[in-house]
Amino acid sequence: KFPLSVSSVEMLCGVVSDLVVKHEKHVSILLECFRLLVELLGGGEANARACGHRLDEHGTACRVITALRNHARDVALHEIGVTLLAEFCRALRGEEGRHKENIFNADGLSVILAALGTHLHEAVVQEQGYGFLAELCHGMQGGVTD
């Protein structure tokens, strides 16, 4: 690991988002893309926010949701995909924007609930899935508050 500038993180997030679109049927490529995006989102607050904005611009959360729906039985993809969605929402926490609305419109809620039901005994899917739901509801009327 080495420190990356905010502009480098933005560029990498854009490139990886494009790879997700081009290789939506290839689980092994999706796994690596999702892992890299989770790592970039975990690179400090400024980098996480910059990466979150770039992912939002590219509609990456919707692509992740589509991949989870299309590969519903793939535990590894669900572990990292659900983690990615949770980190994405954490990165943009407290910001106004369409990122949550886009997730709802992409049927993200039902996909996550299906993942939780399908992978009942997978701790990472369960933990990150409920974390994602909490982040998705955070700040919404009747949602989770600090």
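This is a predicted model, so every value here is computed, not measured.

Basis of the calculations
Residues numbered from 1 in each chain as written. Predicted model: local features only at pLDDT ≥ 70, side-chain atom pairs only at ≥ 80, totals over all residues. Heavy atoms only, no water. Helix = DSSP H or I, 4+ residues; strand = E, 2+ residues; numbered from the N terminus. Expected span 1.5 Å × (residues − 1). Contact = heavy atoms within 4.5 Å. pLDDT = per-residue confidence, 0-100. Buried < 20%, exposed > 50% of the residue type's maximum accessible area, 1.4 Å probe, protein only. Arc of directions from axis to C-beta. 1 Å grid on protein atoms, 1.4 Å probe; cavity = no way out; pocket = protein on both sides within 12 Å on 5 of 7 lines; lining within 4 Å. Points joined across faces, edges and corners; volume = space filled by probe spheres on them. Nonpolar A, V, L, I, M, F, W, Y, C, P; charged D, E, K, R; others polar.

Draft legend 1. Helix 3 (residues 45-58), seen in detail. In this model helix 3 runs 20 Å from its N-terminal to its C-terminal C-alpha over 14 residues, within 8% of the 20 Å that 1.5 Å per residue would give. Check the buried side of helix 3 and you find it contacts helix 1 (6-22), helix 2 (27-41), helix 4 (60-70) and helix 5 (75-91). Residue Gly59 follows helix 3 closely and has a positive phi angle near 65°.

Draft legend 2. Looking closely at the confidence of the model for the protein. A residue-level look at the protein finds 92% of positions with pLDDT of 70 or above and a mean pLDDT of 86. Confidence, read as mean pLDDT per element, is least for helix 6 (residues 99-105) in the protein (81) and greatest for helix 2 (93).

Draft legend 3. Fine view of helix 7 (residues 108-118). Every buried residue belonging to helix 7 is among Gly108, Val111, Ile112, Ala115 and Leu116, and all of these are buried. All buried residues of helix 7 fall inside an arc of 140° around its axis, so they share one side. Those residues of helix 7 that are buried lie in contact with helix 4, helix 5, helix 6 and helix 8 (123-137).

Draft legend 4. Spatial organisation of empty space enclosed by the protein. Counted under the stated rule, the structure contains two cavities of 30 Å³ or more. In this structure, the largest cavity spans a volume of roughly 40 Å³. Along the walls of the largest cavity sit Leu55, Thr60, Ala61, Val64, Leu84, Leu85 and Phe88, which together make up its complete lining. Of all the secondary-structure elements, those providing two or more residues to the lining of the largest cavity are helix 4 and helix 5. Across the lining of the largest cavity, the residue classes tally to six nonpolar, one polar and no charged. For the second largest cavity, the calculated volume is near 30 Å³. Forming the boundary of the second largest cavity are Leu55, Asp56, Gly59, Thr60, Ala61, Cys62, Phe88, His99, Asn102 and Ile103. Looking at the lining of the second largest cavity, the elements that each hand over two or more residues are helix 3, helix 4 and helix 6. For the lining of the second largest cavity, the class distribution of residues is five nonpolar, four polar and one charged.

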